[in-house]
Amino acid sequence: MSSLGTSKGILEIAKFGVYVTVPIVLMYSFANNTNNLQKFMGNRSYIVFPSNTVRPPSPEEMRERARALGRGKDIKDGGMHGTSPL
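A brief report on the enclosed structure follows. Keep in mind it's a predicted model, so treat the numbers as computed, not measured. Throughout this description, residue numbers start from 1 for each chain and increase along the sequence as written. Selection of residues for local features in this predicted model requires a pLDDT of at least 70, selection of side-chain atom pairs for listing and counting requires 80 or more, and totals for whole chains, interfaces and linings are taken over all residues. In computing side-chain values, all of the structure's heavy atoms are included and hydrogens and water are not.

1. Remarks on the overall build of the chain
Point 1. Check the secondary structure of the chain and you find three helices and zero strands.
Point 2. Secondary structure of the chain in N-to-C order comes out as α-α-α.
Point 3. Burial here depends on accessible area, computed with a 1.4 Å probe over protein chains only, as a share of the maximum for the residue type. Under 20% is buried, over 50% is exposed, and the range in between is partly exposed. Expressed as a percentage of its 86 residues, the buried residues of the chain come to 2%.
Point 4. About 8,100 Å² of surface is accessible on the chain, with carbon and sulfur atoms providing 63% of the total. Every helix listed is a DSSP run of H or I at least four residues long, and every strand listed is a run of E at least two residues long, numbered separately from the N terminus. Here, Shrake-Rupley sampling with a 1.4 Å probe gives the accessible areas, and only protein chains in the shown set may cover a residue.

Pasting the structure below:
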């Protein structure tokens, strides 16, 4: 590293000071005033859950469907294999 008197040494000291003080200041501002954190986090919707969704079938229903498919009957389309809706 160059000596402290040069501009490169002063730049390195300034960068180190910024790298150290920015996280400390942010932590202090969010830790002492929780409203800041709530404002910051409240502006962003990280997880949006849909209100009504189709529930996946239960394990018993899946077993019943598997047995029906194994017997050659399809529950969903009424046993019509190989037919296209088009």
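2. Points about the environment of Pro57
Point 1. Relative to the helices and strands, Pro57 is located in the loop between helix 2 (34–42) and helix 3 (59–71).
Point 2. With relative accessibility at 32%, the residue Pro57 sits in the partly exposed group.

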